[in-house]
Amino acid sequence: MTGQVSFDSHARSVLTASVEYVNRLTPGYSGGTPYSAPTDDPESVTSAVADALTAIGYPPSTHPPLDDSRRLVHLAQRMRIVFESAHAGDLDAAATEINTLLRDTNARPQLDRGRDRPWSLHFHGPDEQLANGWAAGCAAGLALAVGSDLAGRLGVCAAPHCDRVFVDTSKNGQRRFHSPQCQSRVKAATHRARQATN
């Protein structure tokens, strides 16, 4: 593939949301330190989801309902399976999970009128509930990525002690880290290791 990877604005927004949900709502490591997922405590769950929503453009005052928050945490856990499978080159496992997500979310394609263009394809859930809309949209966005030559662009950070995910939209498709901080951390460690052997 040559040139910059291009998703339409809706696909880009749901893939960005998928990354934010997985990175903010699943446990593991981030930037070399342990990262805790929200606990079963209602305040912890709604606060973590509110932070994820703010990161994707919702007003900071958004307080998602507890049921929606719990469903989005569960969605993030399932989407992590997709990212990890695609990153490992197991597109069969990624596609199987995406197909299950599409069925479970009842994702429905619909043409919606946008501000900057007349019509664009969006995916909606069976109703306007927050979790249903995002679950259907994220499932469809991941399906669009895995169902195209962009499947290799879903990644997991290569830095030690970091398992945060990303979508590689670079020209050369060689992105390895979820953040510039992890890239710098690895470069600094490599430099220190070289200096120690000299």
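Residues numbered from 1 in each chain as written. Predicted model: local features only at pLDDT ≥ 70, side-chain atom pairs only at ≥ 80, totals over all residues. Heavy atoms only, no water.

### Things to note about the overall build of the chain
To keep it simple, the criterion reads: Numbering of helices and strands runs from the N terminus; a helix is a DSSP stretch of H or I covering at least four residues, while a strand is a stretch of E covering at least two. Computation of the radius of gyration draws on C-alpha atoms, with the globule rule given as 2.2 Å multiplied by the number of residues to the power 0.38. Residues count as neighbours in contact if any of their non-hydrogen atoms are within 4.5 Å of one another. Note on areas: Shrake-Rupley with a 1.4 Å probe; residue coverage comes only from the protein chains shown. Asp and Glu count as negative and Lys and Arg as positive, but His and the ends of the chain are not part of the count. The atom standing in for a charge is NZ when the residue is Lys, CZ when it is Arg, CG when it is Asp and CD when it is Glu.
In terms of helices and strands, the chain carries six helices and six strands. Taken from the N to the C terminus, the helices and strands of the chain come in the order α-β-β-α-α-α-β-β-α-β-β-α. Whereas a compact globule of 198 residues would reach a radius of gyration of roughly 16 Å, the chain reaches 18 Å, a difference of no more than 12%. Structurally, the chain occupies a C-alpha span of about 65 × 45 × 35 Å along its principal axes. Residue pairs in contact within the chain that sit at least 24 positions apart in sequence constitute 57% of those at least 6 positions apart. With the model as given, the accessible surface of the chain reaches about 10,700 Å², and the carbon-plus-sulfur share is 52%. With 20 positive and 20 negative side-chain charges, the chain shows a separation of 10 Å between the mean positions of the two kinds.

### Side note on the confidence of the model for the chain
As a reminder, the rule being used: Confidence scores here are pLDDT values: one per residue, from the predictor, ranging 0 to 100.
For the chain, per-residue confidence averages 88 on the pLDDT scale, and residues scoring 70 or more make up 95% of the total. Of the regions scoring below 50 in pLDDT, residues 1-5 engages in twelve contacts with residues more than four places distant in sequence or in other chains.

### Considering the packing of helix α1 (residues 9-25) against helix α3 (residues 66-87)
What counts here: Each axis is a line fitted through C-alpha atoms, taken for helices only over the stretch in contact, and angles between the N-to-C directions span 0 to 180 degrees. The cut-offs work like this: below 35 degrees is roughly parallel, past 145 is roughly antiparallel, 65 to 115 is roughly perpendicular, and the gaps in between are oblique. Polar here means any residue outside two lists: the nonpolar Ala, Val, Leu, Ile, Met, Phe, Trp, Tyr, Cys and Pro, and the charged Asp, Glu, Lys and Arg; Gly therefore counts as polar.
It is at 8 Å that the axes of α1 and α3 come closest, and there the two elements cross at 105°. One way to sum up the angle between α1 and α3 is to call them roughly perpendicular. Contacts between α1 and α3 involve Ser18, Val19, Tyr21, Val22, Asn23 and Leu25 on the former and, on the latter, Leu72, Val73, Ala76, Met79, Arg80 and Phe83. The residue makeup of the contact of α1 with α3, split by class, is nine nonpolar, two polar and one charged.

### A word on the packing of aromatic side chains
Applied cut-off: Between the rings of Phe, Tyr and Trp (Trp by its six-membered ring), a pair exists once the centres lie within 6.5 Å; its type follows the angle of the planes, with under 30 degrees stacked, over 60 edge-to-face, and the other angles tilted. Using a 1.4 Å probe on the protein chains alone, a residue whose accessible area is under 20% of its type maximum counts as buried, one over 50% counts as exposed, and one in between counts as partly exposed.
Enumeration according to the criterion identifies two aromatic pairs in this entry. Plain terms: the ring middles of Tyr21 and Trp134 are 6.0 Å apart, the flat faces sit at 80° to each other, and that makes the pair edge-to-face. In this pair, Tyr21 sits in helix α1 while Trp134 sits in helix α5 (residues 130-146), placing the two residues 113 residues apart along the sequence. The exposure class of Tyr21 is buried, given its relative accessible area of 0%. In this structure Trp134 comes out as buried when scored by relative accessible area, which is 15%. Geometrically, the ring pair formed by Tyr58 and Trp134 is tilted, given 6.3 Å between the ring centres and 55° between the ring planes.

### Considerations on the nonpolar core
Threshold: For this analysis, a nonpolar core means a set of buried residues of the types Ala, Val, Leu, Ile, Met, Phe, Trp, Tyr and Cys, connected via side-chain atoms within 4.5 Å.
Counting residues in each nonpolar core, the largest one holds 36 residues, and the members touching the most others are Tyr21, Leu72, Trp134 and Leu154. Breaking this core down by element, the ones donating at least two residues are α1, α2 (42-55), α3, α4 (91-105), α5, β5 (154-156) and β6 (165-167). At nine residues, the largest contribution of residues to this core is made by α5. Ignoring any residue separated from it by four or fewer positions in sequence, one finds Tyr21 in contact with Thr26, Ala52, Leu53, Ile56, Leu72, Ala76, Met79, Trp134 and Cys138. The next biggest cluster of nonpolar side chains, apart from the first, holds six residues, and it includes Cys162, Phe177, Cys182 and Val186.

### Some words on the pattern of salt bridges
The condition that has to hold: Salt bridge criterion: a side-chain nitrogen from Lys or Arg within 4 Å of a carboxyl oxygen from Asp or Glu.
Considering all chains together, one arrives at seven salt bridges under this definition. When the shortest N-O distance is used, the salt bridge between Arg78 and Asp104 registers 3.0 Å. With Arg78 in helix α3 and Asp104 in helix α4, the pair connects residues that are 26 residues apart, well separated along the chain. Judged by its relative accessible area of 14%, Arg78 is buried. On the basis of relative accessibility, which here comes to 51%, the residue Asp104 falls in the exposed class. The salt bridge involving Asp168 is made with Arg153; its shortest N-O contact spans 3.9 Å. Of this pair, Asp168 sits in the loop between β6 and α6 (180-197) while Arg153 sits in the loop between α5 and β5, and the two are 15 residues apart along the sequence. Each member of the pair, Asp168 as well as Arg153, is classed as buried. A single network of salt bridges, built from pairs that share partners, joins Arg80, Glu84, Asp163 and Arg164.

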